[in-house]
Amino acid sequence: MGITLTLASGIAWTIVYVEAIRLGFRARTYAMPAVALGLNFAWEWTYAVHNLVFDPSVQGGINLVWGIADAVIVYTFFRYGRAEFPSFVTPRLFAGLSVLLFGMSIAVQWLFLGKFGAEDGAGYSAFLQNLLMSALFIAMFVARRGPRGQSVTIAVAKWLGTLAPTILFGAMQHDGFLLGLGIMCSVLDLVYVWLCVGTRREEGRLSLPTLLDEPTNAVHPLPTHTGPAEPSS
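Cut-offs applied
- Residues numbered from 1 in each chain as written.
- Predicted model: local features only at pLDDT ≥ 70, side-chain atom pairs only at ≥ 80, totals over all residues.
- Heavy atoms only, no water.
- Core = buried A, V, L, I, M, F, W, Y, C linked by side-chain atoms within 4.5 Å.
- Buried < 20%, exposed > 50% of the residue type's maximum accessible area, 1.4 Å probe, protein only.
- Helix = DSSP H or I, 4+ residues; strand = E, 2+ residues; numbered from the N terminus.
- Contact = heavy atoms within 4.5 Å.
- Patch = residues over 30% accessible without salt bridge, like charges linked within 9 Å, V, L, I, M, F, W, Y side chains within 5 Å.
- Areas by Shrake-Rupley, 256 points an atom, 1.4 Å probe, with all protein chains shown as cover.
- Salt bridge = Lys/Arg side-chain N within 4 Å of Asp/Glu carboxyl O.
- Axes fitted to C-alpha atoms, helices over the stretch in contact; angles between N-to-C directions.
- Parallel < 35°, antiparallel > 145°, perpendicular 65-115°, else oblique.
- Left-handed = near helix turned anticlockwise from the far one by under 90°.
- Nonpolar A, V, L, I, M, F, W, Y, C, P; charged D, E, K, R; others polar.
- Polar contact = N/O pair within 3.5 Å; in protein donor to acceptor, adjacent residues only side chain to side chain.
- 1 Å grid on protein atoms, 1.4 Å probe; cavity = no way out; pocket = protein on both sides within 12 Å on 5 of 7 lines; lining within 4 Å.
- Points joined across faces, edges and corners; volume = space filled by probe spheres on them.

Engineer: If you had to explain the nonpolar core to someone new, which residues and values would you point to?
Structural biologist: The biggest cluster of nonpolar side chains holds 40 residues, and the ones touching the most others in it are Tyr17 and Met32. Among the secondary structure elements, those contributing two or more residues to this core are helix H1 (2-27), helix H2 (34-54), helix H3 (58-80), helix H4 (91-143), helix H5 (152-172) and helix H6 (176-207). Ranked by the residues each element gives to this core, the list is headed by H4, at 11 residues. In contact with Tyr17, other than residues within four places in its own chain, are Met32, Asn40, Glu44, Trp66, Ala69, Asp70 and Ile73. Listed in part, the five residues of the second largest apolar core include Phe127, Leu131, Leu178 and Leu181.

Engineer: Summarise a nonpolar patch on the surface; cite the residues concerned and give the values.
Structural biologist: Residues Ile3, Leu7, Ile11, Ile15 and Val58 make up a contiguous nonpolar surface patch of about 430 Å² in total accessible area. Relative to the elements of secondary structure, Val58 occurs in helix H3. In this structure Val58 comes out as partly exposed when scored by relative accessible area, which is 41%.

Engineer: An account of the environment of Ser105 is requested, with residue identities and associated values reported.
Structural biologist: Within the secondary structure layout, Ser105 lies in helix H4. Owing to a relative accessible area of 3%, Ser105 belongs among the buried residues under this scheme. Between the C-alpha atom of Ser105 and that of Trp43, which follows or precedes it by 62 residues, the distance is 8.2 Å. Among all residues touching Ser105, those that are not within four sequence positions of it are Gly38, Leu39 and Ala42.

Engineer: Account for the packing of H2 against H4, naming residues and giving values.
Structural biologist: Two quantities define a packed helix pair, namely the angle between the helix axes and the distance between the axes. Look at H2 against H4: their axes get within 7 Å of each other, and the N-to-C directions meet at 150 degrees. Taken together, the axes of H2 and H4 are roughly antiparallel relative to one another. For the pair H2 and H4, the crossing hand works out as left-handed. Considering only residue class, the contact of H2 with H4 consists of 22 nonpolar, nine polar and no charged.

Engineer: Please set out the side chain of Ser151 residue by residue, giving values where relevant.
Structural biologist: Counting through the fold element by element, Ser151 comes out in the loop between H4 and H5. Judged by its relative accessible area of 13%, Ser151 falls in the buried class. Polar side-chain contacts of Ser151 include one of 3.2 Å to the backbone nitrogen of Ile154. With residues near it in sequence (within four places) discarded, Ser151 still touches Glu19, Leu23 and Cys196.

Engineer: Before we move on, can you summarise the environment of Gly146 with the specific residues and values?
Structural biologist: Tracing the backbone shows Gly146 in the loop between H4 and H5. Note: C-alpha distance between Gly146 and Thr199 (53 residues apart in sequence) is 7.3 Å.

Engineer: I'd like a description of the layout of surface pockets, backed by residues and values.
Structural biologist: Its boundaries defined by the atoms lining it, the largest pocket holds a volume of some 860 Å³. Going through the elements one at a time, H1, H2, H3, H4 and H5 are the ones with two or more residues in the lining of the largest pocket. Tallying contributions element by element places H4 first for the lining of the largest pocket, with 10 residues. Grouping the constituent residues of the lining of the largest pocket by class yields 17 nonpolar, 13 polar and five charged.

Engineer: Describe the packing of H1 against H3, and please don't skip the residues or the numbers.
Structural biologist: Here H1 crosses H3 at 15 degrees, and the two axes come no closer than 10 Å. As summarised for this structure, H1 and H3 are arranged roughly parallel, according to the angle between their axes. Of the two elements, H1 crosses H3, and the hand of that crossing is left-handed. Where H1 abuts H3, its residues Ile3, Thr6, Leu7, Ser9, Gly10, Trp13, Thr14, Tyr17, Ala20, Ile21, Gly24 and Phe25 lie against Val58, Gln59, Ile62, Val65, Trp66, Ala69, Asp70, Val72, Ile73, Tyr75, Thr76 and Tyr80. Of the residues contributing to the contact of H1 with H3, the split by class is 16 nonpolar, seven polar and one charged.

Engineer: Let's hear about the pattern of salt bridges: which residues, and what values?
Structural biologist: Tallied over the entire structure, the rule returns four salt bridges. The residue Arg144 makes a salt bridge to Glu84 at a minimum N-O spacing of 3.8 Å. One end of the pair, Arg144, is in the loop between H4 and H5; the other, Glu84, is in the loop between H3 and H4, and 60 residues separate them in sequence. Note that Glu84 is salt-bridged to Arg148, the shortest N-O span being 2.8 Å. One end of the pair, Glu84, is in the loop between H3 and H4; the other, Arg148, is in the loop between H4 and H5, with 64 residues separating them in the sequence.

In structure tokens:
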């Protein structure tokens, strides 16, 4: 059961990353909130390297796949992200703040690793940043005033990708802390799913042609004169 949930989480999150890459290049933006992207990128490479060197496992291989995919999303962030910020954020300032963000994200992961060790550090940091990410996806939806660079696929896959480890580590291993964080993640993830689905339905209704919009090829008959006939001269 454990390996099944691990693989389910791995597949779901891989779908999130692949879809985020696709949307990022199509919409010329980044499809994951900046802070969440920094923390995710740092987490994946920190624990991919640690697991593959010190404790080879399925999760270590999954982390490596995630890290490679996340590197492409990071590229879309640096390529297109400047346009998402106000004009006073110059390219140089954007680059400096971005380097600071990713540097601090790496420091956070190493602090968790040093304080709690590989197993607990990975779990605690992953669930905490997932909760933050769930809130940030909603915030990104609001800031962009819609689902630009986002999709129902990302929303659903993200929810399932976090639900699987919530069941594994929270419910099955009786960890109340992780279970509580996972439940809160699910609540926010379902809100985000609802926002994305609702917007897509609304766009679908607005795009449906109405009878007034449809051209017609009908031949209109000439008006008939119903009044009395005019006398002939």
